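# Understanding the architecture of this molecule
Below, each chain spelled out in residue letters.
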Amino acid sequence: MSTPVALTIAGSDSSGGAGIQADLKTFAALSVYGASVLTALTAQNTKGVTGVHLVPPDFVTAQIDAVFDDLAVGAVKIGMVAQAPIADVISASLARWKPAHIVLDPVMVATSGARLLPEEAIAALRSRLIPQATLITPNLPEAAALLDEPIATSDEAIAAQGRRLLALGCPAVLIKGGHGQGSDSTDYLISSETSIALATPRVATANTHGTGCSLSSAVAAGLAKGESLEAAVRNAKAFISGAIAAADRFTVGHGYGPVHHFHRYY
């Protein structure tokens, strides 16, 4: 039996709570072997991002080619693409290698509020990467930014934005409700066939650093193991809900602390 492998293409978080580091922790926690391609280095901690160093696009291509040339990648998670030329080479590389599943997390703003993606890179997401994705996982502000619309505040408005995101070319959208209000945190899985609301009790904690990265990589891990999209999303939601609920076991940093990726183990 082959070992399930997932690849994350994303930026590095020097404090270890988000980005590549969160993705690899998530893969490991879910019994999937993780490979990584770096798009950017960030000088970052729980309080914010103080610097970004971009990886040259040709070296992003070299990393992707090296991984696919040797490893049987079952699913790819794409996080911070940093700039339009990097989005372009990711798109071209994945078109060559044709992975079975691509989960795109359109990372635009860090939990701390720092902007991570310029406008021209957002345009590249819309035109190049979203049409290649199996699933995109925007939060409420990101969904609004992709559509150049106000943030949705009702179930009906969220569902409508999901349908408009489908029109960009992806077969499924998971709109994350962590930025919403109310006692439940509800995510919405929307495709041409179905619309499913996934609700869990909202946890009162400031330790939410890396939640979006971890959720999207958990979905990729499930797909790499052969789960259906709906099963992968439901299992990822359960995993990240547990990681948030256990986050206060950590005392890490002075800002938005990390979630507990290994809450099932210690």
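Just so we're clear, the structure is a prediction, and the values are computed from it rather than from any experiment. (Residues numbered from 1 in each chain as written. Predicted model: local features only at pLDDT ≥ 70, side-chain atom pairs only at ≥ 80, totals over all residues. Heavy atoms only, no water.)

## As for the packing of aromatic side chains
So the rule is basically this: Two aromatic rings from Phe, Tyr or Trp, using only the six-membered ring of Trp, form a pair when their centres are within 6.5 Å; if the ring planes differ by under 30 degrees the pair is stacked, by over 60 it is edge-to-face, and anything between is tilted. Every helix listed is a DSSP run of H or I at least four residues long, and every strand listed is a run of E at least two residues long, numbered separately from the N terminus. We call a residue buried when its accessible area falls under 20% of the maximum for its residue type, exposed when it is over 50%, and partly exposed in between, using a 1.4 Å probe and counting protein chains only.
Under the definition given, this model contains two aromatic pairs. Ring geometry for Phe68 versus Trp97: centroids 5.7 Å apart, planes at 15°, classification stacked. Remark: Trp97 occurs in helix H3 (residues 84-97) and Phe68 occurs in helix H2 (residues 57-70); sequence separation between them is 29 residues. A centroid spacing of 6.4 Å and a plane angle of 55° characterise the contact between Phe262 and Tyr265, whose relative ring orientation is tilted. Residue classification places Phe262 among the partly exposed positions, given a relative accessible area of 24%. We classify Tyr265 as exposed; its relative accessible area is 53%.

## A short note on the pattern of salt bridges
Defined as follows: Salt bridge, as applied in this entry: a Lys or Arg side-chain nitrogen positioned within 4 Å of an Asp or Glu carboxyl oxygen.
Under the counting rule described, the total for this entry stands at seven salt bridges. With its nearest N and O atoms 3.2 Å apart, the salt bridge here joins Asp187 to Lys237. Pair noted here: Asp187 is in strand E8 (residues 184-191) and Lys237 is in helix H8 (residues 229-245), with a separation of 50 residues, a long-range link. Lys237 carries the same exposure label as Asp187, and that label is buried.

## Things to note about the nonpolar core
Worth spelling out the cut-off: Residues enter a nonpolar core if they are buried and are Ala, Val, Leu, Ile, Met, Phe, Trp, Tyr or Cys, with the set joined through side-chain atoms within 4.5 Å. The contact criterion used is simple: two residues touch if any of their non-hydrogen atoms lie within 4.5 Å.
Counting 48 residues, the largest nonpolar core has Leu7, Val76, Ile78 and Ile90 as the members making the most contacts within it. Top contributing element to this core by residue count: H3, with six residues. Beyond its immediate stretch of four places on either side in the chain, Ile78 contacts Ile9, Ile90, Leu94, Ile102, Val103, Leu104, Asp105 and Leu129. Within the second largest apolar cluster, 28 residues are counted, among which are Val103, Leu189, Ala218 and Val233.

## Topic: helix H6 (residues 155-166)
For clarity, the threshold we go by: The span expected for a helix works out to 1.5 Å for each residue beyond the first.
Under the 1.5 Å per step criterion, the end-to-end length of H6 is 17 Å for 12 residues, consistent within 8% with the ideal 16 Å. Within H6, burial applies to Ile158, Ala159, Ala160, Gln161, Gly162, Leu165 and Leu166. Structurally, H6 contributes buried residues whose contacts are with strand E6 (135-136), helix H5 (140-147), strand E7 (172-175) and E8.

## Quick word on the state of the cysteines
Formally: Cysteine sulfur atoms that come within 2.5 Å of each other are treated as a disulfide pair.
Scanning the entire structure with this criterion turns up zero disulfides. Lacking any disulfide linkage, Cys213 is separated from the closest cysteine sulfur, that of Cys170, by 19 Å. Of the residues examined, Cys213 reaches a relative accessible area of 14% and is grouped as buried.

## As for the packing of H2 against H3
Rules: Axis definition: a line fit to C-alpha positions, over the contact stretch in the case of helices; interaxial angles, taken between N-to-C directions, run 0 to 180 degrees. By the definition adopted for this analysis, an angle is roughly parallel if under 35 degrees, roughly antiparallel if over 145, roughly perpendicular if from 65 to 115, and oblique otherwise. Put simply, a crossing is left-handed when the front helix is turned counterclockwise from the back one by less than a right angle, and right-handed when it is turned clockwise. Think of it as three bins: nonpolar holds Ala, Val, Leu, Ile, Met, Phe, Trp, Tyr, Cys and Pro, charged holds Asp, Glu, Lys and Arg, and polar takes everything else, Gly as well.
Following both chains from N to C, one finds H2 and H3 inclined at 25°, their axes separated by 9 Å at the closest point. In this view, H2 runs roughly parallel relative to H3, as classed from their interaxial angle. In this structure, H2 meets H3 at a crossing whose hand is right-handed. Contacts between H2 and H3 involve Pro57, Val60, Thr61, Ile64, Asp65, Phe68 and Asp69 on the former and, on the latter, Pro85, Ile86, Val89, Ile90, Ser93, Leu94, Arg96 and Trp97. Across the contact of H2 with H3, the residue classes break down as 10 nonpolar, two polar and three charged.

## Observations regarding the pairing of strand E2 (residues 33-45)
As a reminder, the rule being used: For two strands to be treated as a pair, DSSP must find at least two bridges joining them. Crossover handedness is defined here as right-handed if the route from the first strand over the helix to the second strand goes clockwise, with the strands pointing away from the viewer.
Bridging between strand E1 (residues 5-13) and E2 involves nine bridges; their strand directions are parallel. In the sheet register, Ala6 faces E2, and the bridge partner there is Gly34. Chirality of the crossover, the property in question, places the unit of E1, helix H1 (residues 19-29) and E2 among those that are right-handed. Relative to strand E3 (residues 48-54), E2 is paired through six bridges, and the arrangement is antiparallel. Bridge assignment links Ala43 to a residue of E3, and that residue is Gly51. Counting the residues that bridge the hairpin from E2 to E3 gives two residues.

## Looking at H5
The condition is simple: Each polar contact in these results corresponds to two N or O atoms within 3.5 Å; when the atoms are within protein, one needs to be able to donate a hydrogen and the other to accept it, and residues that are neighboring in sequence are counted only if both atoms are side-chain atoms.
Within H5, six of the eight residues are buried, which leaves the element mostly enclosed by the surrounding structure. Among the residues making up H5, those that are buried are Leu140, Glu142, Ala143, Ala144, Leu146 and Leu147. Residues of H5 that are buried in the fold lie against helix H4 (119-129), H6 and E7. The backbone nitrogen of Glu142 has a side-chain oxygen 2.8 Å away, supplied by the residue at the start of H5, namely Asn139.

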